[in-house]
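Listed below are the residues making up each chain.
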Amino acid sequence: MTTTLTTRDESLPAPYSEALDALSVGPLWTALHQLLPNERVTAARPHRWRWREVRPQLLEAARLVPIEQAERRVLVLRNPGLGGAYAVTATLFAGLQIILPGEAAPSHHHTPAALRLVVEGRGAYTTVDGVKCVMEPGDLIITPPMRWHDHGHEGREPVVWLDGLDIPLVRSFDASWASRMRAARPPGTGTDSSQDEFTAAGLVPRRSRYEDTGYPQVRWPWSTVRRALASMAAAAPADQPVGLCYVNPKTGAPPLATMGCECQWLRPGETARIPRRTSSAVYQVIEGRGESRVGDATFAWEPGDTLVAPPWHAVEHVNLAPAAPACLFQFNDEPAVRALGLWREEPPA
Ligand code: 1HN
């Protein structure tokens, strides 16, 4: 929250307040109910960024700003309620990154955790600790804290992805740090473990060929996720929602300690109701057309659009297409909220 606290009690003699200020001491009683409001409050607002409006500005950034200068060519999704902060919610960062054929974004590592969800284009890749992760539309790639990563592009069209990071949360601990950039080295592998060691649910390799970093899987191809969702949708009764959580396949834990990822499949005409939660979430439309209610706001959406649900806002997604499914990816701060003992969910109505 960006609001300034009331730290002076105007009913007290001025010299007393001045004496407190001089001692770096302040009264709690003027600020108590701002520190601990009786209602759950957030300055973050529900919002939608339209792909068809932001996409031209990304292409313009690619024209105006050389990758050598930008290092990461990202347009940041700034929550209109957060006073211009580079934050989509109090804890999460979201941005759209564009890379052109032949470009290379240099290697670095940092304390915040990051994830990418590919929005458009083929031929780019991210290298995570030497592991080459091909980026195709809908793919999820994580770069856990302190893992070296860079981006390259061997294709023929611009590639755009959504970056999700826990930077605002990490900054609240004064723990944000990054290495200096260095030129990317060629990837040490031709592929990532989702292509050979983790190709089927419920099976893990006895012995991995990949370096043991604690993150056995760093890429979740959309082709795999979509097939799993479609199978589930074909079998599930109409009144049961179809969603999958991305997990570390060796532990079942969320892919990152602070951020969770899920994908929801909405059958034609289907509505998914998500109760109020103390976590916040960013939704990315992978396919389909529909409408979402976030608190009191309603947003129509189509592929490429991004929506944000601040904490304690009920969410309702509707697939408005008569025949086609819709797929919504989300990343959220649920693992961080749970780890701090702050997780609450209102029972569904
Ligand atoms: C970062 O390192 C990347 O590596 C993307 O692609 C977005 C946003 C804020 C801080 C670091 C990347 C970022 C970022």
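See the structure printed just above.
A. Broad picture of the environment of Asp196. Inspection of the secondary structure assignment puts Asp196 in the loop between α5 (167-172) and β11 (219-220). Overall, the relative accessible area of 30% leaves Asp196 in the partly exposed class. With 13 residues separating them along the chain, Asp196 and Arg209 place their C-alpha atoms 9.8 Å apart. Ignoring anything within four residues of it in the chain, the contact list for Asp196 reads Thr191, Arg209 and Tyr210. Within the local environment of Asp196, its side chain forms a polar contact with the side chain of Tyr210, the two groups lying 2.8 Å apart.

B. Spatial organisation of the site of the ligand. Taken together, Arg72, Phe93, Gln97, His108, His110, Arg116, His149, His151, Asp163, Leu165 and Ile167 make up the full set of residues near the ligand. Measuring from an oxygen atom of the ligand, one finds a side-chain N or O atom of His108 at 2.7 Å. Contact distances for the ligand include 3.1 Å between an oxygen atom and a side-chain N or O atom of His110. Burial of the ligand by the protein chains amounts to 85% of its free accessible area of 330 Å². Counting only elements with at least two residues in the shell around the ligand, the list comes to β3 (93-99), β9 (149-153) and β10 (159-165).

C. Expanded view of the nonpolar core. Counting 50 residues, the largest nonpolar core has Leu96, Leu115, Leu140, Leu162, Tyr246, Phe329 and Phe331 as its most contacted members. Beyond its immediate stretch of four places on either side in the chain, Phe331 contacts Leu92, Phe93, Ala94, Leu115, Leu162, Gly164, Met259, Gly260, Cys261, Ser280, Ala281 and Val282. Within the second largest apolar cluster, 14 residues are counted, among which are Ala281, Tyr283, Ala309 and Leu328.

D. Representation of a nonpolar patch on the surface. A cluster of nonpolar side chains, Leu5, Leu28, Leu32, Leu35 and Leu36, forms an exposed patch at the surface whose accessible area comes to about 440 Å². You can see Leu32 is positioned in helix α2 (residues 32-35).

E. Looking closely at the sheet that holds strand β16 (residues 290-294). Read from one edge of the open sheet, 4 strands run β14-β19-β16-β17, paired in antiparallel fashion. In the strand order of this sheet, the two ends are held by β14 (271-274) and β17 (297-301), each with one partner. Looking at each pair of strands side by side, their axes are set apart by 15 degrees on average, direction ignored.

F. Representation of the packing of aromatic side chains. A full pass over the atoms with the stated rule returns 2 aromatic pairs. Between Trp220 and Tyr246 the ring centres are 6.1 Å apart and the planes differ by 80 degrees, which places this aromatic pair in the edge-to-face class. Taken together, the residues span a long stretch of sequence, with Trp220 in strand β11 and Tyr246 in the loop between β12 (242-245) and β13 (260-266) at a distance of 26 residues. For the residue pair Trp220 and Tyr246, the accessibility class agrees, reading buried in each case. An angle of 75 degrees between the planes, with centres 5.7 Å apart, marks the rings of Tyr246 and Phe329 as edge-to-face. Here Phe329 lies in strand β20 (residues 326-332) and Tyr246 lies in the loop between β12 and β13, a separation of 83 residues in the sequence. This pair shows no difference in class: Tyr246 is buried, exactly as Phe329 is.

About the thresholds
- Residues numbered from 1 in each chain as written.
- Predicted model: local features only at pLDDT ≥ 70, side-chain atom pairs only at ≥ 80, totals over all residues.
- Heavy atoms only, no water.
- Helix = DSSP H or I, 4+ residues; strand = E, 2+ residues; numbered from the N terminus.
- Buried < 20%, exposed > 50% of the residue type's maximum accessible area, 1.4 Å probe, protein only.
- Contact = heavy atoms within 4.5 Å.
- Polar contact = N/O pair within 3.5 Å; in protein donor to acceptor, adjacent residues only side chain to side chain.
- Near = heavy atom within 4 Å.
- Areas by Shrake-Rupley, 256 points an atom, 1.4 Å probe, with all protein chains shown as cover.
- Core = buried A, V, L, I, M, F, W, Y, C linked by side-chain atoms within 4.5 Å.
- Patch = residues over 30% accessible without salt bridge, like charges linked within 9 Å, V, L, I, M, F, W, Y side chains within 5 Å.
- Salt bridge = Lys/Arg side-chain N within 4 Å of Asp/Glu carboxyl O.
- Pairing = 2+ DSSP bridges.
- Axes fitted to C-alpha atoms, helices over the stretch in contact; angles between N-to-C directions.
- Phe/Tyr/Trp six-rings, centres within 6.5 Å; stacked < 30°, edge-to-face > 60°.

Interpretation in functional terms is not warranted from these geometric data alone.
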